[in-house]
Every structure is written in C-alpha cells, then in structure tokens.
Amino acid sequence: MIYAFEDFIPVVHESAFVHPQAAVTGNVIIGRDVYVGPGAAIRGDWGGIVIEDGCNVQENCTIHMFPGVVVTLETGAHIGHGAIVHGARIGANSLIVMNAVIMDNAVVGQGCIVGALCFVPTDMVIPDRKVVVGNPAKIVKDVSDDMLAWKSDGTALYQQLPSAMRASWRAVDPLREVPADRPVQSAMLRNWKDTQRQAPAMSETTRTETR
C-alpha cells in the first residue's frame, strides 16, 4: 500500500511494481522498473528515500533512517530478502544479500557484494567492487568481472519482473490438485556456487570439442 505522511506523497514511476502487501510511506521516490516485494517497509516519515531506476527491494526488507537523513539506493541496487538499510547509501549495481544489515551513514560503493547476515556498522565506507562478509563487516576480496556479471544478470531478472507482474499477477482461488499440464519453470539463473561448479565442466567441454 502507498501512504501519505504529513505533506509527502510517495512518487512511484508507472513502470515500477509495488506489491500491495508492501508499505511505502511519505517522502519516497521510486524510479523505473523497480520491484518492491510483499512485506517490504519503506518508511519516508522522518527523512527521504530515493530508489533509483532498476533497483529491487525484496520481501520483508526495511528501509528507514534517523530524522533528516536521505537513504539512496543507486541505479540497479539489489536488496535481498529480509535485509535492512538504515540511513545508508547503496552504490549502483551493488548486491545486499539476504538478512544483511547496513547501518547509519554507511556507504556501500558501486558493484559491491555484501554477504548474507553481514552487519555493516555505522560510518563504514566500502570502496567500489568489494566483497564484504561477517559481523562486523570485513572486506575480504574484490568483486571479479565474472561475479559482477552474475550479479547483473540476477538484477536484470528483477528489472523484468514488474512488467511480468502487471501482465499476469492476480488474486485467485487455489487449485485442489496438481493439473497434468502444469508448466515447468526454467533455470534462468543459477546461484554463484553452481555457476562456478559449471564453469570448469564447460571449459573442459570446449577444450574437447576444439581438439
């Protein structure tokens, strides 16, 4: 649901999809092709929230701030299930993995990957293209070109999701049994570990075929 607060009404681009079970309140600006999942709480009551084009804020995420602060998710930022961003800035094309917490005045650079359950403390500044894990957060390595491409592919799926939701999402009564012609969903994206496992096998196949 979209809620006004004081003199602020959220601004949501027509190409975005905000699930009706999400709560978007007050001084919030949501750009093109943004996906906001059910259970997300995006509270622009004490400060502002800017979610730039192509971002996604997945199920049960919370975005909030101390009074007078503006939270910014730069273009293509990807906020995984259950993550919390409080008074922070997330760089373009960065991935915040499930249940991570990004605290006040923290800055996550562009093209970063912040691991699941990671705690990024107040005022931490993470340079561009770093992998960050742990509690408290620790920079462990650079984001490789392959990792960044994998992240971008995942975000691209979410950028396509708003239009797909508008085309086919609807409330229905449940079926009582599985129909024989139930479709099979394709594996459009594998997780990072499966991608890495597949890569050596693909390289070996290529070498064999070119001998």
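Every chain's residues receive numbers from 1 upward, in the order its sequence appears when written. At least 70 in pLDDT is required for a residue's local features to be given in this predicted model, at least 80 for side-chain atom pairs to be given and counted, and no such filter applies to totals for whole chains, interfaces and linings, which use all residues. The basis for the side-chain values is all heavy atoms of the structure; hydrogens and waters are excluded.

With respect to the overall build of the chain
- Looking only at helices and strands, one finds two helices and 20 strands in the chain.
- Across its three principal axes, the chain shows a C-alpha extent of roughly 70 × 50 × 25 Å.
- Expressed as a percentage of its 211 residues, the buried residues of the chain come to 40%.
- Throughout, a contact is declared for two residues whenever any of their heavy atoms are within 4.5 Å. Considering only intrachain contacts with a sequence separation of at least 6, the fraction spanning at least 24 residues in the chain is 14%.
- Positive charges are assigned to Lys and Arg, negative charges to Asp and Glu, while His and the chain termini are left out of the count. Taken as the charge location is NZ of Lys, CZ of Arg, CG of Asp or CD of Glu. Placing the 17 positive and 22 negative side-chain charges of the chain at their respective mean positions leaves the two points 8 Å apart. Counting from the N terminus, the helices are the DSSP runs of H or I reaching at least four residues and the strands are the DSSP runs of E reaching at least two. Burial classes follow relative accessibility: with a 1.4 Å probe on protein chains only, a residue under 20% of its type's maximum area counts as buried, one over 50% as exposed, and anything between as partly exposed.

Remarks on the packing of aromatic side chains
- Think of it this way: a Phe, Tyr or Trp ring, Trp meaning its six-membered ring, pairs with another when their centres are within 6.5 Å, and the plane angle makes it stacked under 30 degrees, edge-to-face over 60, tilted otherwise. Overall, the coordinates contain three aromatic pairs when judged by the stated rule.
- With centroids separated by 6.2 Å and ring planes inclined at 10°, the aromatic side chains of Phe17 and Tyr35 adopt a geometry described as stacked. Of this pair, Phe17 sits in strand β3 (residues 17-18) while Tyr35 sits in strand β5 (residues 35-36), and the two are 18 residues apart along the sequence.
- Taking the relative accessible area as the measure of exposure, Phe17 reaches 8% and is therefore buried.
- Looking at Tyr35, the relative accessible area reads 5%, which means it is buried.
- Centre to centre, the rings of Phe17 and Trp169 are 5.7 Å apart; their planes meet at 75°, and the pair counts as edge-to-face. Here the residue Phe17 occupies a position in strand β3, and Trp169 occupies one in the loop between α1 (145-168) and α2 (192-209), the gap between them amounting to 152 residues.

Observations concerning the nonpolar core
- Put simply, buried Ala, Val, Leu, Ile, Met, Phe, Trp, Tyr and Cys residues joined by side-chain atoms within 4.5 Å make one nonpolar core. Within the largest apolar cluster, 38 residues are counted, with the highest numbers of intra-cluster contacts made by Ile51 and Ile102.
- Broken down by secondary-structure element, the contributors of at least two residues to this core are β4 (23-30), β6 (41-51) and β9 (70-73).
- When residues no more than four places from it in sequence are discounted, the contact partners of Ile51 are Ile29, Ile30, Gly31, Val34, Ile42, Val57, Ile63 and Leu73.
- Core analysis: the second largest hydrophobic core is formed by eight residues, Ile113, Val131, Met147 and Leu148 among them.

Description of unusual backbone geometry
- For the bond from Asn135 to Pro136, the omega torsion is 0°, close enough to zero to count as cis.
- In this fold, Pro136 is placed in the loop between β19 (130-133) and β20 (138-142).
- Even without a glycine there, the phi angle at Glu6 is positive, about 50°.
- Secondary-structure assignment places Glu6 in the loop between β1 (2-3) and β2 (11-12).

Considerations on the pattern of salt bridges
- Salt bridges are identified by distance alone: a Lys or Arg side-chain nitrogen within 4 Å of an Asp or Glu carboxyl oxygen. For the structure shown, the criterion picks out four salt bridges.
- Between Arg89 and Glu74 there is a salt bridge whose closest N-O contact spans 2.7 Å. Placement of the pair is Arg89 in strand β12 (residues 89-90) and Glu74 in the loop between β9 and β10 (78-79), with a sequence separation of 15 residues.
- For Arg89, a relative accessible area of 36% corresponds to the partly exposed category.

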